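Below, each chain spelled out in residue letters.
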Amino acid sequence: MTSSQVVKTLIVDDDVSTRRIYRMMLFRFGFEITEVGDGKSAVDQFLTGNEYDLVLMDKDMPIMDGVEATRTLRGMGIPAKIIAITTDANSRGAFFDAGADEFLLKPVNFTALADILKAFNFLN
Amino acid sequence: MASAPFKAQLTDLLNSMFAMDFLDEQFKELQMLEEASGPGFLTEVVTLFCGDAERIISQLDALLNEPAVDFGKVDANVHQLKGSSSSVGAKRVALVCIKFRNVCQENDKEGCIAALHEIRHEFDELRKKFQTMLQLEQQIQDLDSK
């Protein structure tokens, strides 16, 4: 975890309504949320010195997709937990090869997300 | 309570939307999130979705009116609409998006145009129902806060 007790989360998805849903799901747990709309912006967040404990990563986004963003972050040595969230079931292997920790299909079920967060020890 | 008739109307509306597959279980997830967090969340998400969907549908219309259709861009837009409609539980819109992607992947322009008409129809029907839902919710909120 980052030095703060709060789980710092980066939501990466080009759809605003989807990002709002994830924000509301995590709001219940008191997570601190930042949103970006593409993979490059996600990478830039870390390049500019921001630290996150958790990344929710969409796959199909403009400029840089989620698989490439995941690979880039791992190449930078970023230790944050990365949960890939996409409608593309066939991208599971590519995401895990790139370094994702978990994979969820959209639409995200709140209970499934909470179970993963518990497994990551982000929830009491 | 003055809001009781409006609550009954809202319940009937939502029940019919679920029964007719306008909405699926994902929308119930969003309803549960709103119950936990307070009013306003669903309004925000539905409004964002409708704005985004309208923008994507307009973009698809423009792309399909090009002399040489870029099926890659069409597919990317439909994929985005499928994702956002799935996230809010807009089942019928999401299902038509799947059909659209199938004809798009065959580079079938006429098929794509037909699918776009169908998406437009389904989205317009859904949007009308969402607008009624939001109006009823606002009336209920206004009456309950008095």
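Residues numbered from 1 in each chain as written. Chains lettered and ligands numbered in written order. Predicted model: local features only at pLDDT ≥ 70, side-chain atom pairs only at ≥ 80, totals over all residues. Heavy atoms only, no water.

### Description of the UniProt feature "modified residue: Phosphohistidine" (unreviewed entry) in chain B
Right, on to step 1. Within the UniProt annotation, "modified residue: Phosphohistidine" (unreviewed entry) is assigned to H79 of chain B.
Right, on to step 2. Considering the arrangement of structural elements, one finds H79 of chain B in helix α4 (residues 71-88).
Right, on to step 3. The residues touching H79 of chain B, leaving out its near neighbours within four places in the chain, are D60 and T87 of chain A together with R101 of chain B. (UniProt positions renumbered as here; feature names shortened; annotations may be inferred. Helix = DSSP H or I, 4+ residues; strand = E, 2+ residues; numbered from the N terminus. Contact = heavy atoms within 4.5 Å.)

### Topic: helix α5 (residues 91-105) of chain B
All names here are of chain B.
Right, on to step 1. An ideal rise of 1.5 Å per residue puts 21 Å on 15 residues; α5 measures up with 21 Å between its terminal C-alpha atoms.
Right, on to step 2. Among all positions of α5, only V93, A94, V96, C97, F100, R101, V103 and C104 are buried.
Right, on to step 3. The inward-facing, buried residues of α5 contact α3 (41-64), α4 and α6 (109-144).
Right, on to step 4. Taken from the residues just after α5, N107 is the one with a positive phi, measuring 55 degrees. (Expected span 1.5 Å × (residues − 1). Buried < 20%, exposed > 50% of the residue type's maximum accessible area, 1.4 Å probe, protein only.)

### Considering the interface of chain B and chain A
Right, on to step 1. Taken together, the 20 residues of chain B in the interface contact 18 residues of chain A.
Right, on to step 2. Carbon and sulfur atoms supply 63% of the area that chain B and chain A bury against each other, a total of about 1,700 Å² over both sides.
Right, on to step 3. On the chain B side of the contact with chain A, E29, L33 and H79 of chain B bury the most area, a combined 27% of that side's loss.
Right, on to step 4. At the junction of chain B with chain A, the criterion picks out one salt bridge.
Right, on to step 5. In this structure, R20 of chain A and E44 of chain B form a salt bridge, with 2.4 Å as the shortest nitrogen-oxygen distance.
Right, on to step 6. In this structure, the connection of chain B to chain A is made through six residue pairs in polar contact (both at pLDDT 80 or more).
Right, on to step 7. Every element with two or more residues in the side of chain B that touches chain A is listed here: α2 (25-37), α3 and α4 of chain B.
Right, on to step 8. When its residues are assigned to classes, the side of chain B that touches chain A shows eight nonpolar, eight polar and four charged. (Buried area = accessible area lost by both parts, 1.4 Å probe. Salt bridge = Lys/Arg side-chain N within 4 Å of Asp/Glu carboxyl O. Polar contact = N/O pair within 3.5 Å; in protein donor to acceptor, adjacent residues only side chain to side chain. Nonpolar A, V, L, I, M, F, W, Y, C, P; charged D, E, K, R; others polar.)

### Regarding the nonpolar core
Right, on to step 1. One finds I83 of chain A together with F27, F49, F100 and F130 of chain B to be the most contacted residues of the largest nonpolar core, which totals 69 residues.
Right, on to step 2. Residue contributions to this core peak at 12 residues, all from α3 of chain B.
Right, on to step 3. Filtering out sequence-adjacent residues up to four positions away, F100 of chain B remains in contact with L60, L64, V74, V78, C112, A115, L116 and I119 of chain B.
Right, on to step 4. Counting 22 residues, the second largest nonpolar core, distinct from the first, contains L10, V55, A98 and F103 of chain A. (Core = buried A, V, L, I, M, F, W, Y, C linked by side-chain atoms within 4.5 Å.)

### Observations concerning the pattern of salt bridges
Right, on to step 1. This structure, assessed with the given rule, holds 22 salt bridges over all chains.
Right, on to step 2. D44 of chain A is the salt-bridge partner of K40 of chain A, the closest N and O atoms lying 2.9 Å from each other. One end of the pair is K40 of chain A and the other is D44 of chain A, both in helix α2 (residues 39-47) and four residues apart, which spans about a single turn.
Right, on to step 3. Its relative accessible area of 27% is what places D44 of chain A among the partly exposed residues.
Right, on to step 4. Between D101 of chain A and R74 of chain A there is a salt bridge whose closest N-O contact spans 2.6 Å. With D101 of chain A in the loop between α4 (92-98) and β5 (102-105) and R74 of chain A in helix α3 (residues 66-75), the pair connects residues that are 27 residues apart, well separated along the chain.
Right, on to step 5. Classification of D101 of chain A by relative accessible area gives partly exposed; the value is 27%.
Right, on to step 6. Each of R19, R20, R23 and E35 of chain A together with E44 of chain B takes part in a single network of salt bridges with overlapping partners.

### A closer look at the UniProt feature "domain: HPt" (unreviewed entry) in chain B
Right, on to step 1. As annotated in UniProt, the feature "domain: HPt" (unreviewed entry) corresponds to residues 38-137 of chain B in the numbering used here.
Right, on to step 2. Structurally, residues 38-137 of chain B comprises 86% helix and 0% strand, and the distance from its first C-alpha atom to its last is 12 Å.

### Section: the sheet that holds β5 of chain A
In a beta sheet, neighbouring strands pair by backbone hydrogen bonds and run either parallel or antiparallel.
Residue and element names in this part refer to chain A.
Right, on to step 1. The parallel open sheet is built from five strands, whose spatial order is β2-β1-β3-β4-β5. Here the strands that pair on one side only, and so sit at the sheet edges, are β2 (32-36) and β5. The average undirected angle you get between the axes of adjacent strands in this sheet is 20 degrees.
Right, on to step 2. As defined by bridge partners, strand β1 (residues 8-12) adjoins β2 across five bridges and the pair is classed as parallel. By the bridge assignment for β2, V12 is matched with V36.
Right, on to step 3. Taken strand by strand, helix α5 (residues 110-119) contacts β3 (54-57), β4 (81-86) and β5, and its axis lies near 175 degrees from that of β5. (Pairing = 2+ DSSP bridges. Axes fitted to C-alpha atoms, helices over the stretch in contact; angles between N-to-C directions.)

### A look at the state of the cysteines
Residue and element names in this part refer to chain B.
Right, on to step 1. Under the definition given, this model contains zero disulfides over all chains.
Right, on to step 2. This cysteine, C50, is not joined by any disulfide, and C97 carries the nearest cysteine sulfur, 14 Å off.
Right, on to step 3. Of all cysteine sulfurs, the one in C104 lies closest to C97, which takes part in no disulfide; the gap is 11 Å.
Right, on to step 4. Owing to a relative accessible area of 0%, C97 belongs among the buried residues under this scheme. (Disulfide = S-S within 2.5 Å.)

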